[in-house]
Amino acid sequence: MLDTPTDIHPLFYGAPSTTEYKKLRKRIIRQTREAVEQYGMVERGAKWLVCLSGGKDSYTLLAALTELQWRGLLPVEILACNLDQGQPNFPATVLPEFLEKMGVPNRIEYQDTYSIVKDKVPAGRTYCAMCSRLRRGNLYRVAREEGCTAIVLGHHRDDILETFMMNLFHGGRLATMPPKLLNEEGDLFVYRPLAFVAEADCEKFSSAMNYPIIPCDLCGSQDGLQRQQVKQILDGWEKNSPGRRQVMFRSLMNARPSHLLDPKLFDFAGLMRDGTDGTQSTGHNTDSDQPPILS
């Protein structure tokens with residue numbers, strides 16, 4: 001049985017015995033495994049630095065990866081890492097105590113990047129961009145010090161979709177956070193194994209497990225962010241058309257370069273009718289290839 005202490009990792013002790021919870025847990029594990037396999041994240045014998053912020057997403061990430069590892073489906077070494085960035089009122093003892101209790105190998109790193117951000121960011125501006133850059137730099141350093149081959153983040157399906165919409169609305173490009181990325185130095189991968197997992201499932205799971213959630217707004221800089229505006233738009237669409245988020249997410253896995261406008265992705269200039277000047281067309285982007293428009 002899944003829920004007996006002799007057959008599960010301590011991260012799952014005390015799990016609810018309801019059918020709803022068991023289906024939720026099974027779905028999260030299945031979707032995580034699918035992302036890991038589909039995007040080629042596994043290097044046998046590799047060591048992953050799994051970043052744990054104390055939020056619902058990172059707890060879900062740690063639990064899902066640990067169960068896959070526990071069952072022999074993820075042949076990598078896991079090192080959980082929390083970067084304490086010196087935010088006011090951050091409960092510094094919560095994660096170390098939790099990880100030790102659960103028997104999870106870990107490294108707790110303290111770097112006061114909050115003071116740097118406060119000093120550099122003008123009043124009234126959000127801290128998130130600079131905070132994120134400093135955090136990522138420190139995580140790269142820790143990963144190298146620990147001999148890790150990858151940094152593993154808890155971004156889920158909704159994070160990826162929201163980032164795509166933000167780039168569309170504000171950045172003027174079609175881009176989002178990929179499930180697998182190689183850093184600029186070429187020595188570390190960045191993985192997002194929760195790419196297929198819905199935010200709502202992360203919230204339900206971490207709440208059901210009663211994990212000690214640490215809020216992400218300790219710095220007080222989260223109000224009015226563009227991401228929150230995009231989230232509200234997506235929430236409205238989802239409310240009016242249930243399942244819309246998943247349909248939109250699937251579109252990110254079904255790109256058609258010949259039906260976009262980027263000449264770097266498709267040779268529009270070289271596209272010719274068959275037989276024109278004795279040449280053959282370089283590709284097809286006819287009306288028949290046009291995907292149906294959802295009403």
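Refer to the preceding data block for the structure.
Summary of the structure given here. (Residues numbered from 1 in each chain as written. Predicted model: local features only at pLDDT ≥ 70, side-chain atom pairs only at ≥ 80, totals over all residues. Heavy atoms only, no water.)

## A few points about the packing of aromatic side chains
What the rule picks out here adds up to 11 aromatic pairs. For the pair Phe98 and Tyr211, a centre-to-centre distance of 5.5 Å together with 80° between the ring planes defines the contact as edge-to-face. One end of the pair, Phe98, is in helix 3 (residues 94-102); the other, Tyr211, is in the loop between helix 7 (199-209) and helix 8 (226-240), and 113 residues separate them in sequence. Under the relative-accessibility criterion, Phe98 is labelled buried at 8%. (Phe/Tyr/Trp six-rings, centres within 6.5 Å; stacked < 30°, edge-to-face > 60°. Helix = DSSP H or I, 4+ residues; strand = E, 2+ residues; numbered from the N terminus. Buried < 20%, exposed > 50% of the residue type's maximum accessible area, 1.4 Å probe, protein only.)

## Thoughts on the pattern of salt bridges
According to the stated counting rule, one finds 23 salt bridges in the structure shown. For Asp201, the salt bridge identified is with Arg27, shortest N-O distance 2.9 Å. A residue pair is termed long-range when its members are at least 10 positions apart, and Asp201 in helix 7 and Arg27 in helix 1 (residues 19-38) qualify at 174 residues. Here Asp201 falls in the buried class, since its relative accessible area comes to 8%. Through salt bridges with shared partners, a single ionic network connects Lys47, Glu77, Arg107, Glu109, Arg141, Glu145 and Glu146. (Salt bridge = Lys/Arg side-chain N within 4 Å of Asp/Glu carboxyl O.)

## Concerning the packing of helix 1 against helix 7
Contact geometry for helix 1 and helix 7: axes closest at 10 Å, N-to-C directions at 125°. One element, helix 1, and the other, helix 7, form an angle in the oblique class. For the pair helix 1 and helix 7, the crossing hand works out as left-handed. Along its contact with helix 1, which presents Tyr21, Leu24, Arg27 and Ile28, the element helix 7 presents Asp201, Lys204, Phe205, Ala208 and Met209. Tallied by class, residues from the contact of helix 1 with helix 7 come to 6 nonpolar, no polar and 3 charged. (Axes fitted to C-alpha atoms, helices over the stretch in contact; angles between N-to-C directions. Parallel < 35°, antiparallel > 145°, perpendicular 65-115°, else oblique. Left-handed = near helix turned anticlockwise from the far one by under 90°. Contact = heavy atoms within 4.5 Å. Nonpolar A, V, L, I, M, F, W, Y, C, P; charged D, E, K, R; others polar.)

## So, helix 5 (residues 128-145)
For helix 5, which comprises 18 residues, the first-to-last C-alpha distance of 26 Å matches the rise-based estimate of 26 Å (1.5 Å per residue) to within 8%. For helix 5, every residue scored as buried is listed here: Cys131, Asn138, Leu139, Tyr140, Val142 and Ala143. The elements touched by buried residues of helix 5 are strand 1 (47-51), strand 2 (77-84), strand 3 (106-110), helix 4 (113-120), strand 4 (150-152) and strand 6 (189-191). (Expected span 1.5 Å × (residues − 1).)

Shape descriptors only; they carry no functional weight alone.
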